[in-house]
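Understanding the architecture of this molecule
One letter stands for each residue in the lines below.
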Amino acid sequence: MQEEKNAAKPFDRSTFIGRRTAVIRGVRFFCALSACRWPIVASAASAAAVVDPTANSPQSLPEAIRSRAKRWGIPFDKFSLDIRDLSSGRRLLGYRDDVPHAPASTVKLLTTFAALDILEARRPDFRFETVLWRRKGDGPEPALVLEGGGDPCFSAESLERMFETLAAQGVRTIEGDILIDRSYFSAEAGVEPQPLSSRYRRTGWEKRWQVGPDAMSIGARTVSFAFVPRAGGAADVRMTPELDGIDWQKTVKLSAGRCVDWDDRLGLDVIRFRDGRRRVVFRGTYASLCGKDSIHISLDDADRFAERLIRTVWRRLGGVWQGSLRSSASGERRTLAGRYVVAARWLSAPLSDLVRQINKDSLNAGAQSLFLSLSQERTNAASARVVARWLDEKGIDRSRLNLPSGSGLDGRTRVVAKFMGDILAAAYADGRGDAADEAAWQAFFASLPVAGVDGTMRRRGIPGVRAHVKTGTLAGTRSLAGYVEHPSGRLLSVYASVSGVEAMPGATAFLDGVLLWMTRLPLPR
């Protein structure tokens, strides 16, 4: 599910609170009308005087970045930068680039880059496989076994296709239990969702989608609520997929405010009944200027969610299920191999497509599934060792890296800006290699959200800026990593991160400003 929150439309975003809100929004709107500009140098010859590639003190920062940090309330000891001209190999700016900090979701770029390189080398056209096994005849064993293969993007539609195949074999009644085999990943992988309530705001809202990787994940174990404005001052609310035992409020009132942090204003609550039913209610309003948008929420643990979905799908197909669902992480199905036949198989999308989904929408469980799959043991520690060896082979300094997992959710994750810059440069350099490396680079580059177009950057369009960047958002972190197309035709890499709760109100505006500054920077020849 997504880690990222939906950002606002170009130059409308502001998270300042209290009396500062109106002031800051007004300033940014004024800037959008070109009344204020980032200072730029007059010629390429003077660029070297403006940019110190080893700017480790505020005084050595470009004046444009210094002034923007002050304007948006970003302390100079709370951000790090690494900016490079990849076409020439020149480092343009490094600021506090050796200071460890939490990268949030930008670390997914390390995970997905490594996966494209390592998994494809291990097995060309790498795919995850999910298998549905059917019991031969009667017996005390489970009637069906759904064996997970770690597919991070296995969806409700994928499950329905598998059960359609089962129904096409003449099965109408499932007599017995259904076993989900989750043994592809070790028990350490799972993280159950936290209870959701309206109290989760700035520092806890991310708990709504905090689910761990699952060898038999279905739709990231989340439901989507889409809000569709209509006449009459209300928005229709549609839930996907619709599940047995889940009810929800079908309409919310519209408001005339800007589309800024609209999901925070909904005041979402989940009413939990003793019999397992759930009802989702929205106590706030939805901004009409947002158009159609959606949020994704985890309401159940893995087994309950799977059981709801299987019952819903099988009933829709006209079938009857006389049993319950249970799961095992011990590989129980393999001990019963002679008693089962394959009823259906499902192959995941190609790795390049999976990486695209993970980076565009910042899918945490998906990134972690890829990370675990890097090692034969499929554990965090083993996969971290694989990544370490891979970095060593590429000559990338990992001395300041701490990688307990692959999604960025783990608060112990630490990087330095120079390391992230090295990763971006290495991915670009690989694209200048053989055909396989070039294909991996193209898949990696295409997976990055495009500012103002798609993914987690779709509401952060910046006039005149063509940026392909992965965003990172946690309670005390805002970051971005990726590439900017310079007007000269050169490709620049950027890693920028702001840390500290006190810096969060203006962090997004500051980071967007860094992207804008990069496009206006005359480059040395």
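Relevant structure appears above.
First, a word on what this report is: a plain description of the structure on this page. (Residues numbered from 1 in each chain as written. Predicted model: local features only at pLDDT ≥ 70, side-chain atom pairs only at ≥ 80, totals over all residues. Heavy atoms only, no water.)

**A closer look at the pairing of strand β3 (residues 129-135)**
Operational definition: Each residue's exposure class comes from its accessible area (1.4 Å probe, protein chains only) as a fraction of the maximum for that residue type: buried when under 20%, exposed when over 50%, partly exposed otherwise. Numbering of helices and strands runs from the N terminus; a helix is a DSSP stretch of H or I covering at least four residues, while a strand is a stretch of E covering at least two. For two strands to be treated as a pair, DSSP must find at least two bridges joining them.
Counting buried positions over the seven residues of β3 gives five, a clear majority of the element. As judged from the seven bridges shared by β3 and strand β17 (residues 340-347), these two strands associate in the antiparallel manner. Considered in β17, the bridge of E129 is made with L347. Inspection of the sheet shows β3 paired to strand β4 (residues 144-147) by four bridges, in the antiparallel sense. Bridge assignment links W133 to a residue of β4, and that residue is V145.

**Remarks on the state of the cysteines**
The condition is simple: Two cysteine sulfurs form what is called a disulfide whenever their separation falls within 2.5 Å.
All told, the structure shown has one disulfide when counted by the stated rule. Through a disulfide, C259 is tied to C290; the S-S separation comes to 2.0 Å. Between C259 and C290 the sulfur-sulfur dihedral comes to about 110°; the bridge is accordingly right-handed. Of this pair, C259 sits in the loop between β10 (251-255) and β11 (268-272) while C290 sits in the loop between β13 (285-287) and β14 (293-297); the two residues are 31 residues apart in sequence, bridging distant segments of the chain. Taking relative accessible area as the criterion, C290 reaches 5% and is therefore assigned buried.

**Points about unusual backbone geometry**
A cis geometry characterises the amide bond from T240 onward to P241, with omega recorded as -10°. By secondary structure assignment, the location of P241 is in the loop between β8 (234-240) and β9 (246-248). Positive phi values are uncommon outside glycine, yet D125 reaches one of about 55°. Within the element layout of this structure, D125 appears in the loop between α4 (108-122) and β3. Even without being a glycine, R378 presents a positive backbone phi close to 55°.

**Describing the packing of aromatic side chains**
What counts is decided by this rule: Stacked, tilted and edge-to-face are the three classes assigned to paired rings of Phe, Tyr and Trp, where Trp is represented by its six-membered ring and a pair needs centres within 6.5 Å; plane angles under 30 degrees give stacked, over 60 edge-to-face, the rest tilted.
As enumerated under the stated definition, the model contains 15 aromatic pairs in all. Geometrically, the ring pair formed by F225 and F282 is edge-to-face, given 5.7 Å between the ring centres and 75° between the ring planes. Taken as a pair, F225 in strand β7 (residues 223-230) and F282 in strand β12 (residues 278-282) lie far apart in primary sequence, 57 residues in all. Ring centres of Y428 and W441 lie 5.6 Å apart, and the angle between their planes is 90°; on these two criteria the pair is classed as edge-to-face. Linking Y428 in helix α10 (residues 417-430) with W441 in helix α11 (residues 435-446), this pair joins segments that are 13 residues apart in sequence.

**Quick look at the packing of α4 against α10**
Note the threshold: For helices, the fitted axis covers only the stretch in contact; all axes are lines through C-alpha atoms, and the angles between them, taken along N-to-C directions, range from 0 to 180 degrees. Should an angle lie under 35 degrees it is considered roughly parallel, over 145 roughly antiparallel, and from 65 to 115 roughly perpendicular; all remaining angles are considered oblique. Left-handed describes a crossing whose near helix is turned anticlockwise from the far helix by less than a right angle; the clockwise case is right-handed. Contact criterion: two residues are considered in contact whenever any of their non-hydrogen atoms come within 4.5 Å of each other. In this classification, Asp, Glu, Lys and Arg are treated as charged, Ala, Val, Leu, Ile, Met, Phe, Trp, Tyr, Cys and Pro as nonpolar, and every other residue, Gly included, as polar.
Interhelical geometry of α4 versus α10 gives an angle of 30° and a closest axis separation of 11 Å. When the axis of α4 is compared with that of α10, the two are roughly parallel. Considering how the two elements wind past one another, α4 and α10 form a crossing that is left-handed. Within the contact between the two elements, α4 uses L109, L110, F113 and D117 and α10 uses F419, I423, L424, A426, A427 and D430. Among the residues making up the contact of α4 with α10, the classes are represented as eight nonpolar, no polar and two charged.

**Brief notes about the pattern of salt bridges**
Note the cut-off: A carboxyl oxygen of Asp or Glu within 4 Å of a side-chain nitrogen of Lys or Arg is what we treat as a salt bridge.
Scanning the entire structure with this criterion turns up 33 salt bridges. Between R490 and D85 there is a salt bridge; the shortest N-O distance is 2.6 Å. Linking R490 in the loop between β19 (477-485) and β20 (491-499) with D85 in strand β1 (residues 79-85), this pair joins segments that are 405 residues apart in sequence. Judged by relative accessible area, which is 1%, D85 ranks as buried. Its salt-bridge partner being R279, residue D247 comes within 2.8 Å of it at the nearest N-O pair. Separated by 32 residues along the polypeptide, D247 in strand β9 and R279 in strand β12 bring together distant segments of the chain. We classify D247 as partly exposed; its relative accessible area is 33%.

**Topic: helix α5 (residues 156-168)**
Convention followed: Multiplying one less than the number of residues by 1.5 Å gives the expected span of a helix.
Here α5 is 13 residues long and its end C-alpha atoms lie 18 Å apart, about the 18 Å a rise of 1.5 Å per residue gives. Residues of α5 that are buried: A156, S158, L159, E160, M162, F163, L166 and A167. Residues of α5 that are buried in the fold lie against β3, β4, β5 (173-175), α6 (302-316) and β17. Looking one or two residues beyond α5, the residue adopting positive phi is G170, at roughly 90°.

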